[in-house]
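Tertiary structure, described
The chain contents come next:
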Amino acid sequence: MRKAVATNAVGSTLDAQRAGVGLRLPHLAEVATAVPPASWLEIHPENFLANPHARELLGEIAARYPVSMHTVGLSIGSADGLDLEHLTMIRRLADEIDPILISGHLAWSMYGGVYLNDLLPLPYNDETLRTVAAHVDRIQQALGRPYLVENPSCYVGLGRSRMGEAEFLTELVHRTGCQLLCDVGNVFVSASNMGYDPYAYIDALPAHAVGEIHLGGFTPEPDDGAPGREVLIDTHAKAIAEPVWELLAHALDRFGPRPTLLEWDNDIPPFATLMAEAERANSVAARVFGEVEQHAAAR
């Protein structure tokens, strides 16, 4: 099977069958100086917008590695509209480091000009679709490239929803030409919390539009609303659970080679631990695509 690759303006090449890791500020100096053998890296650009020293180190890193940007503050679901000043700052950073991909969340996190430290859910209906599509169009025009929209982790259902999440994302792709970031960890968390089949969810996504995959660890907590039941919280504070690795294999089989990213944002371990998780993802991909090639050869 031919490997999917992407190249930025400075020639950094991303091999879609090799997993990357999320680069967080505690590891920034280590990566800049030790240059570990990571395949690619993903940053939250908001960590660098008002941090000149970190931004300088990021420039050095981006000259050596393929880097993607995963926004956490654009709030594409906000009824108040986009923060255009924030979008302009994201564009300036993108112009500096020329990321392989730029992505963000299907959520809202801003109201009345105040940013909330959370990614809040949206009702899936025509009104929300019009709002999100208009914002994605504006973002893509400003960035001059496709924007990848990530499926959220869900904990409650909203009564105003009139369509499923996969249907909503499919229609968003149709209206805007955006791409999707399939967070396999979020799919598993949401399916467990909301009581649906995570494999069927992945099968319902438009495979051609999926441009990236995320994996993150979750934390089980007691469900205060249902004694004796657990709810899974997308904490990004633990290693990837075994059922999520199995779901990753299904996603890769369904979508084909896609850049896969290991996220770890809380209780951050040594960088070597992240690299080990990335190697586990590489092993899953090698098994999936090796089986595909064996099947093709046998035909």
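**Side note on the overall build of the protein chain**
Each helix and strand counted, the protein chain has 9 helices and 14 strands in total. Here the protein chain has a C-alpha radius of gyration of 19 Å; the compact-globule value for 299 residues is 19 Å, and the two agree. C-alpha extents for the protein chain along the principal axes are approximately 50 × 50 × 40 Å. A burial count over the protein chain gives 54% of its 299 residues as buried. Across the protein chain, contacts joining residues at least 24 apart in sequence account for 77% of those joining residues at least 6 apart. Accessible surface, the protein chain as shown: approximately 13,300 Å² in total, 52% of it carbon and sulfur.

**Details of the layout of surface pockets**
Of the pockets and cavities examined, the largest pocket occupies roughly 940 Å³. The residue inventory of the lining of the largest pocket, partitioned by class, reads 15 nonpolar, 12 polar and 6 charged.

**Regarding the packing of helix α6 (residues 184-194) against helix α8 (residues 242-255)**
Look at α6 against α8: their axes get within 9 Å of each other, and the N-to-C directions meet at 120 degrees. One finds that α6 runs oblique with respect to α8. The two elements α6 and α8 cross, and the hand of that crossing is right-handed. When α6 is examined against α8, the residues Val184, Gly185, Val187 and Phe188 are found in contact with a partner set consisting of Pro243, Val244, Leu247, Leu248 and Ala251. Partitioned by chemical class, the residues of the contact of α6 with α8 number 8 nonpolar, 1 polar and no charged.

**Overview of the side chain of Asn151**
Tracing the backbone shows Asn151 in the loop between β9 (148-150) and α5 (165-176). Within the structure, the side chain of Asn151 is placed 2.8 Å from the backbone nitrogen of Asp183, a separation counted as a polar contact. Ignoring anything within four residues of it in the chain, the contact list for Asn151 reads Glu165, Leu169, Leu181, Cys182, Asp183, Asn186, Val187 and Tyr201.

**Quick look at the side chain of His70**
Looking at the secondary structure, you find His70 in strand β5 (residues 67-70). Owing to a relative accessible area of 1%, His70 belongs among the buried residues under this scheme. A distance of 2.6 Å separates a polar atom in the side chain of His70 from a polar atom in the side chain of Ser103. Engagement of the side chain of His70 in a polar contact is seen with the side chain of Glu150, the distance being 2.9 Å. Ignoring sequence-local partners within four residues, the contact set of His70 consists of Glu42, Ile43, His44, Pro45, Glu46, Ser103, Gly104, His105, Glu150, Leu181, His214 and Glu263.

**Considerations on helix α4 (residues 126-143)**
Helix length check: α4 (18 residues) gives 25 Å between terminal C-alpha atoms against 26 Å at 1.5 Å per residue, within 8%. Three or more residues of α4 are buried, namely Thr128, Leu129, Val132, Ala133, His135, Val136, Ile139, Gln140 and Leu143. Buried residues belonging to α4 abut α3 (84-97), β6 (102-105), β9 and α5. The N-cap of α4, judged by a side-chain oxygen 3.2 Å from the amide nitrogen of Glu127 a few residues on, is Asn125. Positive backbone phi, at 70 degrees, marks Gly144, one or two positions downstream of α4.

**Some thoughts on unusual backbone geometry**
A positive phi is found at Asp98, a non-glycine position, where the angle reads about 50 degrees. When you line up the elements, Asp98 lands in the loop between α3 and β6. Looking at Asp98, the relative accessible area reads 17%, which means it is buried. One non-glycine residue, His236, adopts positive backbone phi at about 55 degrees. Looking at the element boundaries, His236 is found in the loop between β13 (230-233) and α8. Residue His236 is classed as buried on the basis of its relative accessible area, which comes to 9%.

**Considering the confidence of the model for the protein chain**
Predicted confidence across the protein chain gives a mean pLDDT of 92, with 93% of residues reaching 70 or more. Per-residue pLDDT stays below 50 along residues 1-5; that stretch engages in 15 contacts with residues further than four places along the chain or on separate chains.

**Quick notes on the nonpolar core**
Counting residues in each nonpolar core, the largest one holds 82 residues, and the members touching the most others are Leu41, Ile43, Leu106, Val149, Leu215, Phe255 and Leu262. Not counting residues up to four positions away in its chain, the partners in contact with Leu215 are Val184, Ile240, Val244, Trp245, Leu248, Thr260, Leu261, Leu262, Glu263 and Ala281. Counting residues in each nonpolar core, the second largest holds 7 residues, with Leu14, Trp40, Leu101 and Leu148 among its members.

**Side note on empty space enclosed by the protein**
For the coordinates displayed, the defined rule picks out 2 cavities of 30 Å³ or more. Considering the residues around the largest cavity, the lining is formed by Thr71, Val72, Gly73, Leu74, Ser75, Ile76, Gly104, His105, Ala107, Ser109, Leu119 and Tyr147. The residue makeup of the lining of the largest cavity, split by class, is 6 nonpolar, 6 polar and no charged. Taken as a whole, the second largest cavity spans an internal volume of roughly 40 Å³.

Basis of the calculations
Residues numbered from 1 in each chain as written. Predicted model: local features only at pLDDT ≥ 70, side-chain atom pairs only at ≥ 80, totals over all residues. Heavy atoms only, no water. Helix = DSSP H or I, 4+ residues; strand = E, 2+ residues; numbered from the N terminus. Rg over C-alpha atoms; globule rule 2.2 N^0.38 Å. Buried < 20%, exposed > 50% of the residue type's maximum accessible area, 1.4 Å probe, protein only. Contact = heavy atoms within 4.5 Å. Areas by Shrake-Rupley, 256 points an atom, 1.4 Å probe, with all protein chains shown as cover. 1 Å grid on protein atoms, 1.4 Å probe; cavity = no way out; pocket = protein on both sides within 12 Å on 5 of 7 lines; lining within 4 Å. Points joined across faces, edges and corners; volume = space filled by probe spheres on them. Nonpolar A, V, L, I, M, F, W, Y, C, P; charged D, E, K, R; others polar. Axes fitted to C-alpha atoms, helices over the stretch in contact; angles between N-to-C directions. Parallel < 35°, antiparallel > 145°, perpendicular 65-115°, else oblique. Left-handed = near helix turned anticlockwise from the far one by under 90°. Polar contact = N/O pair within 3.5 Å; in protein donor to acceptor, adjacent residues only side chain to side chain. Expected span 1.5 Å × (residues − 1). pLDDT = per-residue confidence, 0-100. Core = buried A, V, L, I, M, F, W, Y, C linked by side-chain atoms within 4.5 Å.

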